[in-house]
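The chain contents come next:
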Amino acid sequence: LEEEAPGSSRPPPLLGPKLKVAAGPAWQKALARYSFLFPGADVAVVRTSQRTLARQPRRAGEPYLTPQFGASFTVASARSAAMVALAGALFNALSGSGWGRALLLRQPALFTLGAFSDEGPSEERLAATSWKSVFFGRGWSDATPDRPPSTSFDRTPRCGA
């Protein structure tokens, strides 16, 4: 990307303070659950999309939209949070070396406490699986790049239950 368009790997300019996302475990009072950073590629995909869109020409008067994005997952109990933190530390340590990655790939059920296996989930497990998405936002009702906000956030939408 950088070779095709110099400067394209830089993020678009921020509007407002930089988003702070705790690595976890962090207690989320609004959800009454412990949160961890989501280990998937979602955040990187959003950032890449924003960089690409920021390079596109905008028409006069078109809004300046570069929301910041963070993805997390939550667990209900301190015991579950401790298990996730321990499993994450072990996975991180093993994935740092070739032999550790090979071991993780050979024994997925062992290192995920049965959550993943070579056989995949059973029909019963698939039928019993669910998730809930909750999106939180904070922002300003009238901020623009030419006129940054002078106050703290004045809008806090929440989508989901």
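Please refer to the structure placed before this passage.
A. Examining helix α1 (residues 42–55) more closely. The end-to-end C-alpha distance of α1, which contains 14 residues, comes to 20 Å, matching closely the 20 Å that a straight helix rising 1.5 Å per residue would cover. Inspection of α1 places Val-43, Gln-50 and Arg-51 among the buried residues, and these make up the whole buried set. Looking down the long axis of α1, one finds its buried residues gathered within 100 degrees of arc, a one-sided arrangement. Across from the buried face of α1, at angles greater than 90 degrees, the exposed residues are Val-45 and Leu-53.

B. Here's a closer look at the pairing of strand β2 (residues 33–37). When strand β1 (residues 26–28) meets β2, the two strands line up antiparallel, connected through three bridges. Note on β2: the bridge partner recorded for Ala-26 is Ser-35. Connecting β1 to the next strand, β2, in antiparallel fashion are four residues, including Ala-32 with a positive phi near 55 degrees. By the bridge criterion, four bridges tie β2 to strand β3 (residues 72–75) in an arrangement that is antiparallel. Across the sheet, residue Leu-37 finds its bridge partner in β3, namely Ser-72.

C. Up close: the packing of aromatic side chains. Applying the stated rule across the entire model yields two aromatic pairs. A ring pair is formed by Trp-27 and Tyr-34, whose centres lie 4.8 Å apart and whose planes are at 70 degrees; its orientation type is edge-to-face. Both rings, one in Phe-36 and one in Phe-73, keep their centres 5.5 Å apart while their planes meet at 15 degrees; by these two values the pair is stacked. Pair noted here: Phe-36 is in strand β2 and Phe-73 is in strand β3, with a separation of 37 residues, a long-range link.

D. Quick look at the side chain of Ser-97. If you trace the backbone, Ser-97 turns up in the loop between α2 (78–94) and α3 (98–106). Here the side chain of Ser-97 touches Trp-99 through a polar contact of 3.1 Å, side chain to side chain.

E. Structural context of the side chain of Ser-35. Mapped onto the elements of the fold, Ser-35 is located in strand β2. Sequence-distant contacts of Ser-35, that is, excluding residues within four places in its chain, are made with Gly-24, Pro-25, Ala-26, Gln-28, Ser-72, Phe-73 and Thr-74.

The rules we used
- Residues numbered from 1 in each chain as written.
- Predicted model: local features only at pLDDT ≥ 70, side-chain atom pairs only at ≥ 80, totals over all residues.
- Heavy atoms only, no water.
- Helix = DSSP H or I, 4+ residues; strand = E, 2+ residues; numbered from the N terminus.
- Expected span 1.5 Å × (residues − 1).
- Buried < 20%, exposed > 50% of the residue type's maximum accessible area, 1.4 Å probe, protein only.
- Arc of directions from axis to C-beta.
- Pairing = 2+ DSSP bridges.
- Phe/Tyr/Trp six-rings, centres within 6.5 Å; stacked < 30°, edge-to-face > 60°.
- Polar contact = N/O pair within 3.5 Å; in protein donor to acceptor, adjacent residues only side chain to side chain.
- Contact = heavy atoms within 4.5 Å.

Keep in mind these numbers describe shape, not what the thing actually does.
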